Structure formats: structure tokens, C-alpha cells
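# Coordinate inspection notes
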Amino acid sequence: MAHLSITYYAFLVGLKMDVKAILRTGPKAVKVSIAGIVVPFSLGSGLYFIFPIDKSERAGFLFWGAALTVTGFSVLTKILDKQQILHTEIGKTVISSALVTDMCAWGFLALALAVTSSQSNIHWSMISTIAFILLCVYYVRPALSWIIRKTPEGQGYSEFYICSILTGMSLSGFITDTFGTHPMIGAFVFGLVIPSEVLEATIADKLEDFVLGILLPVYFVVCGLRTNIDVISSETTWLAVGFVIVLACAAKLFSALLVATFADLPIEEAMAVGLLSNAKSVMVLIILETGQIQGVLNTQTYSLMVVVVLVMTMIVTPAAILVPPVQNMIPYKRRTIQKAKSEEEFRILTCIYNTRNVPTIINLLRTSNASPRSPITVFALQLVELVGRASTMMVVHNSRKAGPRNPSHVEAQADHIIAAFDNYELRSEGVRTQAFTARCAYTTMDEDICTVAKDKRTAFIIIPFHRQKTIDGEMEDINPSIRGVNEGVLANAPCSVGILIDRGFAESHDHADNIAVLYFGGPDDREALAYAWRMADNTDVRLTVVRFIPSTDTYEPPEPMEAGDKNQVTLQIDYEREKLLDDDYLSKFKTATMSSKSISYFELVLNDEEEAIKAIKSMDEHKHDLYIVGRGRGMVSPLTSGLADWCDCPELGPIGDLLVTSEFESPFSVLIVQQYIKTNKMRDGSIRSSSSANFGEEIAMRPSSAESEGYESFGSFRKWDHEN
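Residues numbered from 1 in each chain as written. Predicted model: local features only at pLDDT ≥ 70, side-chain atom pairs only at ≥ 80, totals over all residues. Heavy atoms only, no water.

### Quick word on the overall build of the protein chain
The number of helices and strands found in the protein chain is 24 helices and 18 strands. Once local pairs closer than 6 in sequence are excluded, the contacts in the protein chain between residues at least 24 apart make up 82%. Roughly 32,100 Å² of accessible area belongs to the protein chain as shown, and the carbon and sulfur atoms make up 56% of that amount. (Helix = DSSP H or I, 4+ residues; strand = E, 2+ residues; numbered from the N terminus. Contact = heavy atoms within 4.5 Å. Areas by Shrake-Rupley, 256 points an atom, 1.4 Å probe, with all protein chains shown as cover.)

### Describing the packing of helix α1 (residues 2-16) against helix α9 (residues 183-193)
Running from amino to carboxyl end, α1 crosses α9 at an angle of 25 degrees, the nearest separation of the two axes being 7 Å. Classed by the angle they form, the pair α1 and α9 counts as roughly parallel. α1 and α9 meet at a crossing whose hand is right-handed. Contact with α1, carried on its side by Ile6, Thr7, Ala10, Phe11, Val13, Gly14 and Leu15, involves Pro183, Met184, Ala187, Phe188, Phe190, Gly191 and Leu192 of α9 and no other residues of that element. Class assignment for the residues of the contact of α1 with α9 results in 11 nonpolar, three polar and no charged. (Axes fitted to C-alpha atoms, helices over the stretch in contact; angles between N-to-C directions. Parallel < 35°, antiparallel > 145°, perpendicular 65-115°, else oblique. Left-handed = near helix turned anticlockwise from the far one by under 90°. Nonpolar A, V, L, I, M, F, W, Y, C, P; charged D, E, K, R; others polar.)

### Regarding the packing of helix α8 (residues 159-178) against α9
Between α8 and α9, the least distance of the axes is 6 Å, while the angle of their chain directions is 135 degrees. One element, α8, and the other, α9, form an angle in the oblique class. Here α8 and α9 pass one another in a crossing that is right-handed. Here Ile165, Gly168, Met169, Ser172, Gly173, Thr176 and Asp177 of α8 come into contact with α9, specifically with Pro183, Ile185, Gly186, Ala187 and Phe190.

### Side note on the pattern of salt bridges
Within the structure shown, the criterion is met by 14 salt bridges. The shortest N-O distance in the salt bridge between Asp477 and Arg467 comes to 3.0 Å. Taken together, the positions of Asp477 in strand β7 (residues 475-477) and Arg467 in strand β6 (residues 467-469) put the pair 10 residues apart, joining distant regions of the chain. According to the relative accessible area criterion, Arg467 is buried, its value standing at 15%. Among the ionic pairs, Arg467 bridges to Asp648, the shortest N-O distance being 2.9 Å. Remark: Asp648 occurs in the loop between α23 (641-644) and α24 (653-661) and Arg467 occurs in strand β6; sequence separation between them is 181 residues. (Salt bridge = Lys/Arg side-chain N within 4 Å of Asp/Glu carboxyl O. Buried < 20%, exposed > 50% of the residue type's maximum accessible area, 1.4 Å probe, protein only.)

### Concerning the nonpolar core
Residues Phe11, Leu109 and Leu276 are the most contacted members of the largest nonpolar core, which totals 112 residues. Top contributing element to this core by residue count: helix α6 (residues 89-117), with 14 residues. Tyr353, Ile461, Ile501 and Ile655 belong to the second largest nonpolar core, which has 53 residues in total. (Core = buried A, V, L, I, M, F, W, Y, C linked by side-chain atoms within 4.5 Å.)

### Section: the side chain of Gln382
Along the chain, the position of Gln382 falls in strand β2 (residues 376-385). Discounting chain neighbours no more than four positions away, the residues touching Gln382 are Ile352, Val410, Gln413, Ala414, Ile417, Phe436, Thr437 and Ala438.

### Some points on the environment of Gly484
Take Gly484: it is sitting in helix α19 (residues 480-492). Note on Gly484: relative accessible area 41%, which makes it partly exposed.

### Concerning the packing of aromatic side chains
Here the structure, examined in full by the defined rule, presents 15 aromatic pairs. Here the aromatic rings of Phe11 and Phe190 are separated by 6.3 Å at their centres, their planes lie at 25 degrees, and the arrangement is stacked. Here Phe11, found in helix α1, pairs with Phe190, found in helix α9; they are 179 residues apart in sequence, far enough to count as distant. Of the residues examined, Phe11 reaches a relative accessible area of 0% and is grouped as buried. Look at Phe190 and you get buried, because its relative accessible area is 7%. Within the aromatic cluster, the residues linked to one another by ring pairs are Tyr48, Phe49, Phe51, Phe61 and Trp64. (Phe/Tyr/Trp six-rings, centres within 6.5 Å; stacked < 30°, edge-to-face > 60°.)

### A look at the confidence of the model for the protein chain
When pLDDT is averaged along the protein chain, the result is 80; 84% of the residues meet or exceed 70. Per-element confidence in the protein chain is highest for strand β5 (residues 460-464), whose mean pLDDT is 95, and lowest for strand β17 (residues 686-687), whose mean pLDDT is 34. Every residue in residues 560-570 scores below 50 in pLDDT, and together they form 30 contacts with partners more than four places removed in sequence or on other chains. Under a pLDDT of 50 for its full length, residues 681-724 has, in the predicted model, 106 contacts with residues more than four places off or in other chains. (pLDDT = per-residue confidence, 0-100.)

### Some remarks on the side chain of Gln413
Looking at where Gln413 falls in the secondary structure, it is placed in helix α17 (residues 409-426). Each residue touching Gln413, except ones within four places of it in the same chain, is listed here: Asn354, Thr355 and Gln382.

### Notes on α19
Taken residue by residue, α19 has Ile482, Val485, Asn486, Glu487, Gly488, Val489, Leu490 and Ala491 as its buried positions. Against α18 (442-456), β5, β8 (496-502) and β15 (669-674) lie the buried residues of α19.

### A short note on the pairing of strand β13 (residues 599-606)
The buried fraction of β13 amounts to eight of the eight residues, a majority that puts the element mostly inside the structure. Side-chain alternation along β13 places Ile599, Tyr601, Glu603 and Val605 on one buried face and Ser600, Phe602, Leu604 and Leu606 on a second face that is also buried. Relative to β13, strand β10 (residues 542-550) is paired through eight bridges, and the arrangement is parallel. Directly across from Leu543, in β13, lies its bridge partner Ile599. (Pairing = 2+ DSSP bridges.)

### A short note on helix α14 (residues 282-293)
Taking 1.5 Å of rise per residue, 12 residues should cover 16 Å, and α14 covers 16 Å from first to last C-alpha, within 8% of that figure. Taking burial as the measure, the 12 residues of α14 include 10 buried ones, the bulk of the element. All of the buried residues along α14 are Val282, Met283, Val284, Ile286, Ile287, Leu288, Glu289, Thr290, Gly291 and Gln292. Within two residues after α14, Gly295 carries a phi angle of roughly 85 degrees, on the positive side. (Expected span 1.5 Å × (residues − 1).)

### Details of a nonpolar patch on the surface
Where nonpolar side chains cluster on the molecular surface, the patch consists of Ile130, Ile133, Leu134, Leu135, Val137, Tyr138 and Tyr139 and spans about 720 Å² of accessible area. Position of Tyr139 among the secondary structure elements: in helix α7 (residues 122-150). Residue Tyr139 is classed as exposed on the basis of its relative accessible area, which comes to 60%. (Patch = residues over 30% accessible without salt bridge, like charges linked within 9 Å, V, L, I, M, F, W, Y side chains within 5 Å.)

### A short note on the pairing of β10
Most of β10 sits out of view: eight of its nine residues are buried. As defined by bridge partners, strand β9 (residues 514-519) adjoins β10 across six bridges and the pair is classed as parallel. Bridge pairing in β10 places Ala516 opposite Thr544. Once you follow β9 into helix α20 (residues 523-536) and on to β10, the crossover reads as right-handed. (Right-handed = clockwise from strand over helix to strand, strands pointing away.)

### What about unusual backbone geometry?
Its identity is not glycine, yet Arg457 carries a phi of approximately 55 degrees, on the positive side. By secondary structure assignment, the location of Arg457 is in the loop between α18 and β5. Although it is not a glycine, Lys623 adopts a positive phi angle of roughly 55 degrees. In this structure, Lys623 sits in the loop between α22 (609-618) and β14 (626-630).

### Looking at the environment of Ile677
Positionally, Ile677 belongs in the loop between β15 and β16 (682-683). C-alpha of Ile677 to C-alpha of Ser496: the two residues are 181 residues apart in sequence and 8.2 Å apart in space.

Here it is, written out as C-alpha cells:
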């Protein structure tokens, strides 16, 4: 039963292993992995001969050496993720090298089995096993791909289908066992060549709990029963045993330091990589137990190496605690658009759930007014749900490198995204782009987005809305899980965030040139105006800013309060101070743009939310391409209080929800903006802002030519006059 469990386990490991991720491993990680294979294998092989062994046990050095080369990828990923260093430079290097060493460990095991199974037929065993691997790669995998293509999309896989795959696994194990290696080698290779991610996920879902929860513990019991601590020092001293344990544990550290002398790897980082690479997985027990079954590891050498493996794995968690998150040591200052300087680089992270998001995002980026004087760096993050393969790695794409010849669905989408952003970069001045693909579960996707934003020090995150416009004009959910991801990003983002919604405009236009900002007040609205102000620096863009002010009859200044829910941080809102900050920022805006003929500013004094709704809907007559509004966290106004109670999508705020869910004749896009606010920089229950405290006399503003075309009929219209 124990050996049946490791055969199924080998099949699951092959099923989840992503060979393409191994082929994309960076040069630094490759050097670390090569050194992490050569040095531990050589050291383990040498230490093996310190102990008295029979002539028939000389081949045991292969199992000792192979056991020391293993770095448990899955175990290490969980440890680094728990310590929040998975996405640091050290974490990326050690995880990438662990993938390579994990793959090579299976090669070492196959070699050791071929050598020890039949001394007289070793050449036949090796040649037959290699031929079987090539057969699976070049014939079995294409055959499975053909069968999967013939399966109707969305039909799913029947029990007969799954049983047929498991039968193929058993047949593969039988074939490699006949060749003189082991059934688990055949099962591993068969799992490795299964092409469909959906099929992989289906099989893993049906097998994983049974194998890991019931079968594999039996194997652990067997390994424990074979271990005898008493015989470790039976024919040698404990001093020699301790010496072997120390050297074995230091093998990975020696290999990393060796890389540091020949490559651009700092000593501190090399030591951290070496210590973290000591994490071991079930694969080590499989190698050692197989060596004892083959009769080349006696009880002493087997038990000693089991102790070494336990000690090495125990080192990893304390070592991970001591590793500092390197990227946090560099200051991260520009987290909002409002505080950014116009001549500085503007860094944006765009999140892409599917290729339909690309035109809308490119449209917004083209409107963002990049120039050599005010450059924009865009990080395009393709987000893919983790199915099948277990590696939750970030793939950095080389835009100049051709994609695979026969790309998968995800790779084809990545190629499309890369091409779109390359085209945007080539057609724009002052723009740099870089594309990534992140495979992760929806439950942790928001954490990965925030981690990338922090790592790249972006000032703004753009996330698509979870609904998209259909052919009949309705907004429908494309994936309910995306809504949870967006809410998580809004709650935990290290910078400002924008939710982008397309209502048909991006389908026929490549950029927006008629922009409207609906200003009700508060930090989110100031951030929305700051972004629109940047866009309006392009003289071809027309910007209309409409400030909605409650009349004195209806407005009662509320007391300072805490505003927050499960999807956002709790903020102390001082409304009087917020109003002063709004007046100050708008005064600066009017002063700076008063001579611009393409910028218009209006103030509407209204009585209630009904008048506000009518005013907003009347703006549809002006055919605006893009509406930019703040999310309105914590800002209570008589003009929006009633709307907030009826929000279908609270994450958009009351005004954003109105623009998205209401009926409008003209097509347009909507950007809902939330400003980043560092909550530990509060004083006296108010929010700190970079705006100055000069609340002086307001400066006149040129009235818009459109003032009589849709605003005067609602409440009191206030226009700015140079004379008064």
C-alpha cells in the first residue's frame, strides 16, 4: 500500500509540474541550481564512504548524493509565503532554482534505480527508460491533445475518461517496472505529458485528498519503521556522525557561496539562498527508502540520512525569519497621483483578467498623456486562475522574444497582451512597458496584485470591473470571483486604485478626448481630479470639471466620524477640514488652468439626490468619452446619501454605481478612483494631505461655453467671473 501511494504521488507531482516554467528560469537561478546539484551530490557521495559498507552497497552513494540535491519546491513555497518573502529577490531566486533541482532529482532517482536494479542489464534499462520518455513526449502527449480537442467544450470529463487516464498511469508504471527502474518513474512521466490544464485540475481534485490524506501517511509510517536511531553510531563515533550531519546540512550553503564567487550574487543573498534551499520534501524519503529497498543502503546509512533531512528542514523556517524583505528597505514615496511631480516617472500597474480588458486599458493609457518630460512606465499583469500546474510563479515576458510555436490558451492570450502593449509603447513617446503573467488562486490574487504594485513602486493600479457590456447593451458578470479580487485590492492596495468600466466606447475609439470629472469632495475626488488634470495637459483633450455643492438649506455639517467597511481601511473623516482641502486644491486647479481654452469648470448648487441624478444624466447630451469620479469613501453628502442606500456595486461608490448601472444613450468609459491614504499618518482625527494650508481668496475662472446647454435648469448654477 505504501508503494502504491508513492506511485500515485509521483503521478500527481508530474501532473502539477510546469516544465515551461523550468525552461524560463533566469540565468542567476540556473547557476544556483547547477551548483546546488553538483556540490551536494559530490559532498554526499564522498561522505557516504566514511561509513563501513559492503561491496554490494557501494552504489548507495547515488541515493545519498541525490537526497542532498533535493530542494522541496512545494514545502519551500509555503514557508516563504508564510514569512512574506516569496516575492523578494531572494525568494524568486531560491524558488526558481528549487524547480530545477526538483526536476533533476527525478532524473537522479531513475539513474540510481537503473544502476542498482540489474547490474548486468544496466544499459538496456537506461536506453529503454529514455525511449519510453521520448515515446510519451512525441506520441502519447499529441494523442491525448487530439482526444481533448475532440471533447466538446464545457462538457467536462466523465468518470470513464478519468479512469482511462488512471489506467494509462498504471500501464506506464508497469512498463518502467519491466524496464528495471520503478513504477513511479512511469507514473511521473505520464503525469508530466498530460496537456490540458482543465483535465489536470479535474484529476488532481479527485485524487489529491485520497492520496495525500490516506495513502501517503501509510508511506510515512513505513519510512519511520525502517529508521533505527540506535544503530547510527554502532560502528562509528557520535563525533563522526555529528561531523557528517553538519557537512551535509552545509552542502547547499557551500554551493550558493560558490555561485557568489563566480556570479553577480551578493554574499548575504547567497547565504540566505543556501540556507533556504535546505528545505526537503517527500521526494527525499522516496529516494532513501528506495535505496534501502534496492539493498544498497543499510539501516545505519538510511537512518543517518533521515536524521540529516529532518535537521536540514528544521533549519529553513528560522532562516526564513532572519531573511529581510529586501524591497521594503528602499523608500516607496510616490503612492498617489495628487502628490506626484509632473516631471517624474508615473508608474502604473494594469491588471488584465482577459483579452477583452486590453482595449479599454490601452485607451485609458493613451489618454494619460505620456511625454519625454513626463514619462509613464506601465506594468501589464495578466492574471490567470491557478488550475492544474502547482507553480504559483510570476512569469516576466520578453517582448522581443517570439512566443512558443504551439501556444496554450493562456500563452496565446499573453502573446496578444504583449503585442498590444508593445504597439502602445512604439506609438507613444515617453512610454515603457513590461508584461507579466501571474498564476494564482482567486483567493490570493489580490495579495499578488498588491505585492507586485509594492515591488514595482507604482503610484496607480488599474483593475477592470467584474462586469462587461454585452451585445444587447446590458452589463453582465463575467466572473463573480473577480469582484472579490477587486474588493481585496481596494482594501489592501499600497497606492491609489482605479476601477475601469467600459460602456462601449473603447470598441470604436483608441483614446478619449472629451473627459468629465464629477466632483463631490473628499480625497478620492481630489485624486480623480489630479489624474484628469494630467490628461488635460494634452491640448487635444477637453476637460469639464463639475463640482456638486449641496445648498445651505439642506447641508448640515456632520460630526467627525469613522468611515470604513470590510473592503476598505477605517479612516477618520473631519468634514470641515476636508472641505478646506477641497477648496484649496480646486483653487490651485483653477489658477493653473484659467488660461486654458480646453478646460471648463462649473459649480452646481443642488437640493437633493434627485436633482444630482438629473444633472448627471443630462451630461449625456455632451457626449463625454470618459467620466472620472472618486469612490467617495466616508464623505456623506445630501446629494449622495440616498444613492448609497441603493448601490448595486458598493465598491464603485454611489456616483460610480449610478454611471455604470443607469441607462445612457452615448458610449463612454468610467474610471472610479480611490486615493491611497496612509492611516498611521493621521492627527486629530483628520487626514493629512500634501495640499498647502493657504485657503485664500478664490480666483476667477472662465465660464464654459456649455453653461447654458444642460446645467442651469438644476438648482443654482455658479459661474466664475474675472471682474467679481
